[in-house]
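The lines below spell out each chain.
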Amino acid sequence: MPHHPGVRENPAASSLAFARREARAQGFDAVGVAPAAAPPGAARGLARFLGAGWQGTMGWMAEKADRRADPAILWPDARSVLMLGMNYGPRDDPRDVLARKSAGAISVYARNRDYHGVIKGRLKLIAGRRPARAAQMGVAGDAKVFVDTAPVMEKPLAAQAGLGWQGKHTNLVSRDLGSWLFLGAIFPPLDLPPDAPGQDRCGSCRACLDACPTNAFPAPYRLDARRCISYLTIEHPGPIPREFRAAMGNRIYGCDDCLAACPWNKFAQAAREAKLVARADLAAPDLAMLARLDDAGFRALFAGGPVKRVGHARSLRNVMIACGNSGDRALLGAVRARLADPAPQVRGAAIWAYARLAPEEAQEMARGERDGDPQVDEEWRFAAEPERSGEKS
């Protein structure tokens with residue numbers, strides 16, 4: 001907007017127009033404004049989630065719950081919340097790789113650079129330019145930026161800002177971009193005109209609920225993270241509970257089934273940001289290769305991406321489960337090698353995979369094995385007496 005001497009600009013309208021232009025220039029696909037107040041029902045929903053224990057081992061979700069529910073408590077100087085979305089839509093259906101049993105399935109968002117760095121850097125550029133523009137209009141104060149790591153309820157705020165609505169899978173759904181949006185927030189010390197909240201358009205559809213391999217949705221709009229493959233492969237620190245292992249299939253990091261099933265994805269577009277487009281070597285990596293990686297190889301392969309953050313041992317645990325589900329006896333050598341892995345969670349998962357791929361051989365070996373770690377010894381007992389598990393190889 002050109003500046004005309006003697007003409008008093010509306011600070012809010014001018015700042016918002018400036019922010020929208022900057023957001024588009026930085027590659028964001030959706031921009032909206034919400035009040036700096038608790039979104040309706042957000043605090044109640046969070047309390048219900050935590051009260052049921054659905055957060056599992058994610059204790060950080062209960063910390064500062066009051067701040068999480070209300071942006072005005074998190075940052076008292078905030079007068080509005082500018083919500084931004086960046087599309088990371090895949091070029092192909094991410095469920096296609098599930099049929100390739102000897103390859104690993106990595107969630108769409110984790111097949112290239114870590115989105116936290118990509119998004120936060122862009123938000124800082126926008127927020128850093130806004131104060132200079134605001135100062136021209138006599139408006140002082142700094143803005144804060146947040147991307148998924150602070151106690152901010154991005155999805156309810158994005159719905160309040162009109163970017164979409166929270167679907168029955170609890171994720172944001174956009175009429176224009178489907179379910180594939182990374183979210184970021186800027187908290188400016190300026191009253192910006194809010195956008196109309198997004199309207200729920202799920203109707204009677206339950207495609208996302210029915211798509212979940214582990215029945216992680218107790219009801220529409222409610223998620224028990226303890227049953228979610230994304231939680232189990234990324235956040236859960238110990239052995240994968242036996243009841244979910246077969247359902248994991250070849251998913252080694254995250255799960256996109258509920259997102260991919262959403263009919264609104266017919267409007268989705270492939271990501272424009274190069275750093276969010278899937279790397280060819282991470283679209284369907286070979287399980288045998290992943291199983292043989294040492295720590296240095298793991299760090300090199302996943303450098304700069306989200307998978308690296310879970311660490312080599314947790315990643316190997318997931319790979320061993322996928323090997324066990326593959327039915328591919330060619331993976332037996334890689335599985336046997338991990339029976340002596342330093343990490344108990346890897347050894348335990350390798351025993352399970354061994355018993356799935358070569359049950360009689362594993363049963364014979366199990367009769368004389370004692371590990372010393374209680375959870376690993378329990379895996380050997382199940383291998384020795386497969387009828388105890390109720391599983392079928």
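To be clear, the structure that these remarks concern was listed above.
So, how was this worked out
Residues numbered from 1 in each chain as written. Predicted model: local features only at pLDDT ≥ 70, side-chain atom pairs only at ≥ 80, totals over all residues. Heavy atoms only, no water. Helix = DSSP H or I, 4+ residues; strand = E, 2+ residues; numbered from the N terminus. Rg over C-alpha atoms; globule rule 2.2 N^0.38 Å. Buried < 20%, exposed > 50% of the residue type's maximum accessible area, 1.4 Å probe, protein only. Contact = heavy atoms within 4.5 Å. Areas by Shrake-Rupley, 256 points an atom, 1.4 Å probe, with all protein chains shown as cover. Axes fitted to C-alpha atoms, helices over the stretch in contact; angles between N-to-C directions. Parallel < 35°, antiparallel > 145°, perpendicular 65-115°, else oblique. Nonpolar A, V, L, I, M, F, W, Y, C, P; charged D, E, K, R; others polar. Arc of directions from axis to C-beta. Core = buried A, V, L, I, M, F, W, Y, C linked by side-chain atoms within 4.5 Å. Salt bridge = Lys/Arg side-chain N within 4 Å of Asp/Glu carboxyl O. Disulfide = S-S within 2.5 Å. Phe/Tyr/Trp six-rings, centres within 6.5 Å; stacked < 30°, edge-to-face > 60°. Lys NZ or Arg CZ within 6 Å of the ring centre and 35° of its normal. Pairing = 2+ DSSP bridges.

### Here's the deal with the overall build of the protein
Then, number 1: Across its full length, the protein holds 18 helices and eight strands.
Then, number 2: For the protein, whose C-alpha radius of gyration is 24 Å, the value lies close to the compact-globule estimate of 21 Å for 393 residues.
Then, number 3: Across its three principal directions, the C-alpha atoms of the protein cover 90 × 40 × 40 Å.
Then, number 4: With 393 residues in all, the protein has 54% of them scored as buried.
Then, number 5: The long-range share in the protein, meaning contacts at least 24 apart out of those at least 6 apart in sequence, stands at 75%.
Then, number 6: Of the roughly 17,400 Å² of accessible surface on the protein, 51% is carried by carbon and sulfur atoms.

### Some details on unusual backbone geometry
Then, number 1: Of note in the backbone geometry, Thr170 takes a positive phi value of approximately 75° without being a glycine.
Then, number 2: Here Thr170 shows up in the loop between strand E5 (165-166) and strand E6 (172-173).
Then, number 3: One non-glycine residue, Tyr221, lies in positive phi territory at about 70°.
Then, number 4: With respect to the element layout, Tyr221 can be found in the loop between helix H7 (207-211) and helix H8 (229-235).

### A few points about the packing of helix H14 (residues 312-326) against helix H16 (residues 344-357)
A packed helix pair is summarised by two numbers, namely the angle formed by the two axes and the spacing between the axes.
Then, number 1: Where H14 contacts H16, the axes come no closer than 8 Å and their chain directions differ by 5°. When the interaxial angle is binned, H14 and H16 end up roughly parallel. Judged by residue contacts, Ala313, Arg314, Leu316, Arg317, Met320, Ile321, Cys323, Gly324, Asn325 and Ser326 of H14 engage Gln345, Val346, Ala349, Ala350, Trp352, Ala353, Arg356 and Leu357 from H16.
Then, number 2: Among the residues making up the contact of H14 with H16, the classes are represented as 11 nonpolar, four polar and three charged.

### Points about helix H2 (residues 42-51)
Then, number 1: Buried within H2 are the following residues: Ala42, Leu46, Phe49 and Leu50. Axial view of H2: buried residues confined to an arc of 90°, hence all on one face. Opposite the buried face of H2, by more than 90 degrees, sit the exposed residues Arg44, Ala47 and Gly51.
Then, number 2: Tucked into the core, H2 has its buried residues touching helix H3 (65-69) and helix H6 (154-160).

### Here's the deal with the nonpolar core
Then, number 1: Core analysis: the biggest nonpolar cluster contains 101 residues, and Leu84, Ile186 and Met320 have the highest contact counts within it.
Then, number 2: Apart from the residues lying within four places of it in its own chain, the contact partners of Ile186 are Ser80, Val81, Leu82, Leu84, Leu123, Ile126, Ala127, Ala143, Lys144 and Val145.
Then, number 3: Among the nonpolar cores identified, the runner-up in size contains 21 residues, and Ala30, Ala78, Leu157 and Leu183 belong to it.

### Thoughts on the pattern of salt bridges
Any two side chains of opposite charge can pair, on the condition that their charged atoms come close.
Then, number 1: All chains considered together, the criterion is met by 19 salt bridges.
Then, number 2: Glu379 is the partner of Arg242 in a salt bridge, and the nearest nitrogen-oxygen pair spans 2.7 Å. On the criterion of sequence distance, the pair formed by Arg242 in helix H9 (residues 242-248) and Glu379 in helix H18 (residues 374-384) is long-range, its members being 137 residues apart.
Then, number 3: The network of salt bridges with common partners includes Arg242, Arg245 and Glu379.

### Here's the deal with the state of the cysteines
Then, number 1: This model, assessed by the stated rule, comprises zero disulfides.
Then, number 2: Not part of a disulfide, Cys208 finds its nearest cysteine sulfur in Cys258, a span of 6.4 Å.
Then, number 3: Since its relative accessible area comes to 8%, Cys208 is described here as buried.
Then, number 4: Of all cysteine sulfurs in the structure, the one in Cys228 sits closest to Cys212, which takes part in no disulfide; the separation is 6.5 Å.

### Considerations on the packing of aromatic side chains
Then, number 1: One pass over the full model with this rule turns up 10 aromatic pairs.
Then, number 2: Aromatic side chains Tyr109 and Tyr253 sit 6.0 Å apart centroid to centroid with 55° between the ring planes, which places their arrangement in the tilted category. Highlighted residues: Tyr109 in the loop between strand E3 (105-106) and helix H5 (115-136) and Tyr253 in strand E8 (residues 251-253), separated in sequence by 144 residues.
Then, number 3: Each residue in the set Tyr88, Tyr109, Tyr115, Trp180, Phe182 and Tyr253 is aromatic and connected to the rest through ring pairs, giving one cluster.
Then, number 4: Over the aromatic face of Phe382 sits the side chain of Arg242, whose NZ or CZ is 3.9 Å from the ring centroid.

### A closer look at the environment of Ile106
Then, number 1: Mapping Ile106 onto the fold places it in strand E3.
Then, number 2: Separated by 172 residues in sequence, Ile106 and Ala278 have C-alpha atoms that sit 10.0 Å apart.
Then, number 3: Excluding its chain neighbours within four sequence positions, the residues that come into contact with Ile106 are Arg111, Ile252, Tyr253, Asp256, Leu282, Pro285, Phe302 and Val307.

### Some words on the sheet that holds strand E1 (residues 30-35)
Then, number 1: The strand order E1-E2-E7-E4 describes an open sheet built from four strands, whose pairing is antiparallel. Of all the strands in the sheet, just E1 and strand E4 (144-146) have a single pairing partner and so form its edges. Here the average twist between neighbouring strands, direction ignored, is 25°.
Then, number 2: The pairing of E1 with strand E2 (residues 80-87) spans six bridges and is antiparallel. Counterpart to Pro35 in the pairing with E2 is Ser80.

### Brief notes about the pairing of E2
Then, number 1: Among the eight residues that make up E2, eight are buried, leaving the element largely enclosed by the rest of the structure.
Then, number 2: Judged by which residues are buried, E2 turns out to be covered on both faces: Ser80, Leu82, Leu84 and Met86 on one side and Val81, Met83, Gly85 and Asn87 on the other are all buried.
Then, number 3: As paired elements, E2 and strand E7 (residues 181-187) share six bridges and run antiparallel to each other. Each residue of the ladder has a partner; that of Met86, found in E7, is Phe182.

Nothing here speaks to function; it is all geometry.
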